[in-house]
Amino acid sequence: MAPRLILFDLDGTLIDHFRAIHRSYCHTLPRLGLPAPSYAEVRAAVGGGLARAMLRFVAPARLEEALAIYRDYFDATMLDDVTALPGAPELLQALHAQGRRSAVLTNKRGSASRAICEHLGLSPYLAGIYGAGDTPWLKPAPRFAAHALADLQASPAETLLVGDSPFDVETGRQSGFPCWVVTTGTHAAEPRRAAGAERVYGNLDSLGADLLRAS
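Let us look at the structure shown here. Model, not experiment: these values are computed from the prediction.

Each helix and strand in the chain was counted, giving 10 helices and 8 strands. In terms of overall dimensions, the chain has C-alpha extents of about 55 × 30 × 30 Å along its principal axes. Buried residues in the chain amount to 48% of all 215 residues. Across the chain, the fraction of contacts at a sequence separation of at least 24, relative to all contacts at a separation of at least 6, is 65%. Of the roughly 9200 Å² of accessible surface on the chain, a fraction of 53% belongs to carbon and sulfur atoms. Of the side-chain charges in the chain, 21 are positive and 22 negative, and the distance between the mean point of each set is 3 Å.

Have a look at this one:
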């Protein structure tokens, strides 16, 4: 059955926010007496939530201090360098025109995710945006996806997750729906296949072509 609900990850799937994220780490870590990370180091760290990523750079005892500095700066600057990835607005619009629902399921903070989607003009095509802080859970916890599906009155049997990382693949596996992934994010294709991704695409245009045909 063609999926009637498509859950999308945000960073690396629908949007490119890595410049703003890297800039925020470069603001935060020197204020703790630590070296500013490279762009590649930050890209490799993200995906499992901010706290998990920050622990790649700071000791657990300084995590809350680092998060407070990061969040204050990020909240003030997060819209400066964010862009929709090629094909993202067009795919959301086309799914909406087909009568299918799309929503965001992300480990980025929910408040920031909603502000970004509004800024980029994606919100009108989204039935919901679920992120960190909206529930006690993050991907790949199945209760996070279950919360979104309950709110959207959807079942796993009619759902597809589109993401870019092994966290997304594991979310689908634990939640009972397939995951298609794009290689526009932070992880190479092979780890996604090894994690059990049903399909792997180089970009949203090629994924979208198949998804829109499955109607």
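Moving on from the model shown.
Okay, the pattern of salt bridges next. Side chains carrying opposite charge are able to pair once their charged atoms draw close together. Tallying each qualifying case throughout the model produces 11 salt bridges. A salt bridge links R109 to D75, with the nearest nitrogen and oxygen atoms 2.3 Å apart. Separated by 34 residues along the polypeptide, R109 in strand β4 (residues 101-109) and D75 in helix α4 (residues 63-77) bring together distant segments of the chain. On the accessibility criterion, R109 (23% relative accessible area) is partly exposed.

Take the environment of A94 next. If you trace the backbone, A94 turns up in helix α5 (residues 88-97). Looking at A94, the relative accessible area reads 23%, which means it is partly exposed. Spatially, the C-alpha atom of A94 lies 7.6 Å from that of L212, the residues being 118 residues apart in sequence.

Bringing the side chain of S113 into the picture now. On the secondary structure map, S113 appears in helix α6 (residues 110-119). In terms of polar contacts, S113 uses its side chain to reach the backbone carbonyl oxygen of R109, at 2.8 Å. Residues within four places of S113 in sequence aside, it is in contact with L10, T106, K108 and I129.

To continue, consider unusual backbone geometry. Going from K139 to P140, the amide bond is cis rather than trans, its omega being 10°. Looking at the secondary structure, you find P140 in the loop between β5 (129-132) and α7 (142-152). Of note in the backbone geometry, Q153 takes a positive phi value of approximately 55° without being a glycine. Its location among the elements puts Q153 in the loop between α7 and β6 (159-163).

Right, let's talk about the packing of α5 against helix α10 (residues 204-213) for a bit. In contact at an axis separation of 10 Å, α5 and α10 are set at 10° when each is read in the N-to-C sense. With respect to α10, the element α5 is oriented roughly parallel. On the side of α5, the interface is formed by A88, L91, A94 and L95, while α10 contributes L204, L207, G208, L211 and L212. When its residues are assigned to classes, the contact of α5 with α10 shows 8 nonpolar, 1 polar and no charged.

Rules behind the numbers
Residues numbered from 1 in each chain as written. Predicted model: local features only at pLDDT ≥ 70, side-chain atom pairs only at ≥ 80, totals over all residues. Heavy atoms only, no water. Helix = DSSP H or I, 4+ residues; strand = E, 2+ residues; numbered from the N terminus. Buried < 20%, exposed > 50% of the residue type's maximum accessible area, 1.4 Å probe, protein only. Contact = heavy atoms within 4.5 Å. Areas by Shrake-Rupley, 256 points an atom, 1.4 Å probe, with all protein chains shown as cover. Lys, Arg positive; Asp, Glu negative; His and termini not counted. Charge placed at Lys NZ, Arg CZ, Asp CG, Glu CD. Salt bridge = Lys/Arg side-chain N within 4 Å of Asp/Glu carboxyl O. Polar contact = N/O pair within 3.5 Å; in protein donor to acceptor, adjacent residues only side chain to side chain. Axes fitted to C-alpha atoms, helices over the stretch in contact; angles between N-to-C directions. Parallel < 35°, antiparallel > 145°, perpendicular 65-115°, else oblique. Nonpolar A, V, L, I, M, F, W, Y, C, P; charged D, E, K, R; others polar.

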